[in-house]
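Overview (structure and organization)
Below are the chains, spelled out letter by letter.
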Amino acid sequence: MLVSDIHIATKRVCEKELFAWNGFPKCYGQWDDRLYENQNVPFHTPIQGLGDTGSDASLARAKVWLNECTTKHKTCIGVAQETKLPHRVLDLYPIEKHSANIKLIETENNDCGRYVCLSHCWGEVVPLKTTRENISALKECIALKALPRTFQEAVLFSRKLGIRWLWIDSLCIIQNDDLDWKTEAGKMRDIYSNCFLTIAASKSSNGSQGLFTAKPDPALFVCQVSSNESEMHNVFVQEALSIPHESEWVVNNPENHPWNSSVYHFNPSFPLMTRGWTFQERLLSPRVLHFGIAEMFFECKESYLCECRRKMNTNNLPYVYAEAGLTLKGMDITEQDSWRKVCEYFSRMKLTFPDKDTLPALAGLARLYSQVKEGRYIAGVWETDLLPSLAWFLVEQHEDREAARVKRDERLPSWSWASSNMAVGFKKFLPNTSTAVVHGEIAKVHGADYIMAGSDPFGEIEYAHLDLEGNVLPAMIHLSRIHGIRKADIRIIDADAAVKSEREGRHHLLRNEGEDPPNIWMDPPYQEFYKTGGALRVLLFPLGASLADSFTLYYLIITNCDSDTKVYKRIGLLMMKPFDVRDCRDYTKRMRITLI
């Protein structure tokens, strides 16, 4: 409930419902600020303009947030407010005339200023876009009424903030010019990192749904409350607006996700939060102002704020809220697992064209990480971090083969997490030096060979091969089922023996031990092309020792692409417990392979 007003009652009115005060503190007609910290408290002070994100009250609130960010936040003050303008921007002059038409301009190399970016979903309703045929006309004039609603409201809000320049992808990139698209897409890191603010149409699935939301104020009710001192109060209350937030941490169902205690979920009511291209836009921007279903919320390097105040966190952001803000603003990109965490989040995003956009949609972030990462960037993985980056797994295994069929970039190598186009996680390893102390040199990367599809070293790739050497284990997988494959379905075999079937010759059957958490994860291609019955000959290639238990090893499950060569592709990941590691030592053989 929202407390609209409160005063001492002169008498008890029988027809008014009586509530116990329950000891909630009051202070001159207002509730104590500590109540904001408890989302379960039934009474909150009213917030002017809440539910109407296009109101003057919301505009004033946004200006307060921006002022505090640019004048009081130590880490945000260092971010330049006037930077080099992108190659093309929308000129909103005169900004004081809110309904005036705009135009597209091409800037000079030294043109600087404060500009705003718009992050939005295209959806099925294709917004107005720049083409080779209409670019000359758009440079002359763009009628404001010709723009979709989201664009119009982005222009209006930017003008009210006093900012002249606006960048919108569909208008500032020539959409039917492949060279221009690739050139500008390669600049995404600079475009979003250098903007003063990114306005996000977070609640809209297309350009016709707009930025602003206007919800009517709930009806006002009056009740009487008795305090502990038998004092009567008339309390004027409103039903609190049900305001969803764009993301939250959810504890996993132990049956479905037993390998992790919690997972970061995006609210599907916010379509922008689920899109692949806008993921990096949000992370790269120094400040993001989201327009939600009933409120605005704001994030920068030091704060995560929303109008309803249920997620107000500034400066000492708790770790969960820092990640709930999902910004690189508070993330240390030098931290070892930081890039893999970004890849986990990105793998949950949706792309309209995953068969070509998977790596380009992440290129801006990869370019940012290249400042701190050594070695080459190959198919979504850093060369100096190859072995740990191969230990990815599907968060969900599909019982239905059709459910496992998703569009993906077939050029991406099987060993890259990006090849799955499904939500992935990464297992954590001990450093290679620590693994070697216990197990010796179990694996070695000799090199990588790859060819890019274009000039952008962080963009599309034609192919990528790894040259690996390791202590492999030959094995057979009994193909009795596609889903719920257990370690008992895998038999370690003596590759030098004449083995006619998986049950003949010397072999070792891996132990299940309850399998909680699961110990084997199969990849999408395996699930798609699975054939009932029979057995599949594979190799288990060692990656490293578990961070939790140095005697537990992770193995890639790989299958031979050509019986005459040592070329393999990945089909899954296996965790082997210490007792199996010990019992399988006699089956190990040293091999050098090519993984594609």
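For the rest of this paragraph, the subject is the overall build of the protein chain. In terms of helices and strands, the protein chain carries 17 helices and 32 strands. Here the protein chain holds 596 residues, and the buried ones make up 53% of them. A separation threshold of at least 6 residues defines the contact pool for the protein chain, and within that pool the share at least 24 residues apart is 70%. In the structure as shown, the protein chain presents an accessible area of about 27000 Å², 49% of it carried by carbon and sulfur atoms.

Look at helix α8 (residues 276–284) against helix α10 (residues 338–347): their axes get within 10 Å of each other, and the N-to-C directions meet at 140 degrees. Classified by the interaxial angle, the pair formed by α8 and α10 is oblique. Along the contact surface, α8 presents G276, F279 and L283, while α10 presents V342, Y345 and F346. In terms of residue class, the contact of α8 with α10 is built from five nonpolar, one polar and no charged.

Should the sulfur atoms of two cysteines be covalently bonded, the bond is a disulfide. Applying the stated criterion to the full structure yields zero disulfides. There is no disulfide at C76, and the cysteine sulfur nearest it, in C69, is 3.6 Å away.

Attention now moves to helix α6 (residues 178–185). For the α-helix, the turn length of 3.6 residues means that residues three or four positions removed from each other point alike. Looking only at α6, the buried set comprises D180, E184 and A185. Each buried residue of α6 sits inside an arc of 125 degrees when the element is viewed along its axis, so together they form one side. Exposed residues pointing more than 90 degrees away from the buried face of α6 are listed as D178 and L179. On the buried face of α6, the contacting elements are β6 (88–91) and α7 (188–193). Taking the backbone nitrogen of L179 as reference, a side-chain oxygen 3.1 Å away marks D177 as the first, capping residue of α6.

Attention now goes to the layout of surface pockets. In this model, the second largest pocket occupies a volume close to 800 Å³. As for the second largest pocket, its lining consists of 29 residues, of which W122, W277, T352, F353 and D357 are closest to the centre. At the level of secondary structure, the elements contributing two or more residues to the lining of the second largest pocket comprise α6, α8 and α11 (354–357). Sorting elements by how many residues they give to the lining of the second largest pocket places α8 first, with four residues.

As a further point, take the packing of aromatic side chains. The description of an aromatic ring pair uses the distance of the two centres, along with the angle that the planes make with each other. A complete count under the given rule lists 18 aromatic pairs for this structure. Between the aromatic rings of F393 and W521, the centroid separation amounts to 5.4 Å while the plane-to-plane angle is 40 degrees, which identifies the pairing as tilted. Placement of the pair is F393 in strand β22 (residues 392–394) and W521 in strand β28 (residues 520–522), with a sequence separation of 128 residues. With respect to class, F393 is no different from W521; both count as buried. In this structure an aromatic cluster arises from ring pairing among W339, Y369, Y377, W382 and F458. Taking NZ or CZ as reference, K356 lies 5.4 Å from the ring centre of W181, over its face. Positioned above the aromatic ring of W392 is the side chain of R570, whose terminal nitrogen or guanidinium carbon lies 3.6 Å from the ring centre.

This brings us to unusual backbone geometry. Across the junction of Y93 and P94, the peptide omega takes the value 0 degrees, indicating a cis bond. Tracing the backbone through its elements, the reader meets P94 in the loop between β6 and β7 (103–106). Of note, A379 is a non-glycine position whose phi angle comes to about 55 degrees, a positive value. In this structure, A379 sits in the loop between β20 (377–378) and β21 (381–382).

Interaxial distance between helix α1 (residues 56–72) and helix α4 (residues 149–161) falls to 11 Å at its minimum, and their mutual angle equals 60 degrees. Between α1 and α4, the interaxial angle falls into the category oblique. α4 is crossed by α1, and the crossing has right-handed handedness. In this structure, α1 uses D56, L59, A62, K63 and L66 to contact α4, whose residues at the interface are F157, K160 and L161.

Let us now look at the pairing of strand β16 (residues 288–291). Along β16, one buried face is formed by V288 and H290 and the opposite face, lined by L289 and F291, is buried too. Pairing geometry for strand β11 (residues 197–200) and β16, over three bridges, is parallel. For T198, the partnering residue across the bridge sits in β16 and is V288. For β16 and strand β17 (residues 296–299), the ladder comprises four bridges, and the chain directions are antiparallel. Of the residues in β17, the one forming a bridge with V288 is E299.

This part takes up the pattern of salt bridges. Think of it this way: side chains of opposite charge can pair up when their charged atoms draw near. Scanning all chains against the criterion turns up 23 salt bridges. With a shortest N-O distance of 2.9 Å, R149 and E153 are connected by a salt bridge. With R149 and E153 both in helix α4, this residue pair falls four residues apart, about one helical turn. Overall, the relative accessible area of 36% leaves R149 in the partly exposed class. Taken together, the shared-partner salt bridges in this structure form one network comprising R88, E106, K139 and D180.

In the predicted model, the protein chain carries a mean pLDDT of 80, and 71% of its residues have values of at least 70. Note that pLDDT drops below 50 for residues 16–44; the model gives that stretch 56 contacts with residues more than four away or on any other chain. Overall, residues 498–503 carries pLDDT values under 50, and its contacts beyond four positions in sequence, including any with other chains, amount to nine contacts.

Calculation rules
- Residues numbered from 1 in each chain as written.
- Predicted model: local features only at pLDDT ≥ 70, side-chain atom pairs only at ≥ 80, totals over all residues.
- Heavy atoms only, no water.
- Helix = DSSP H or I, 4+ residues; strand = E, 2+ residues; numbered from the N terminus.
- Buried < 20%, exposed > 50% of the residue type's maximum accessible area, 1.4 Å probe, protein only.
- Contact = heavy atoms within 4.5 Å.
- Areas by Shrake-Rupley, 256 points an atom, 1.4 Å probe, with all protein chains shown as cover.
- Axes fitted to C-alpha atoms, helices over the stretch in contact; angles between N-to-C directions.
- Parallel < 35°, antiparallel > 145°, perpendicular 65-115°, else oblique.
- Nonpolar A, V, L, I, M, F, W, Y, C, P; charged D, E, K, R; others polar.
- Disulfide = S-S within 2.5 Å.
- Arc of directions from axis to C-beta.
- Polar contact = N/O pair within 3.5 Å; in protein donor to acceptor, adjacent residues only side chain to side chain.
- 1 Å grid on protein atoms, 1.4 Å probe; cavity = no way out; pocket = protein on both sides within 12 Å on 5 of 7 lines; lining within 4 Å.
- Points joined across faces, edges and corners; volume = space filled by probe spheres on them.
- Phe/Tyr/Trp six-rings, centres within 6.5 Å; stacked < 30°, edge-to-face > 60°.
- Lys NZ or Arg CZ within 6 Å of the ring centre and 35° of its normal.
- Left-handed = near helix turned anticlockwise from the far one by under 90°.
- Pairing = 2+ DSSP bridges.
- Salt bridge = Lys/Arg side-chain N within 4 Å of Asp/Glu carboxyl O.
- pLDDT = per-residue confidence, 0-100.

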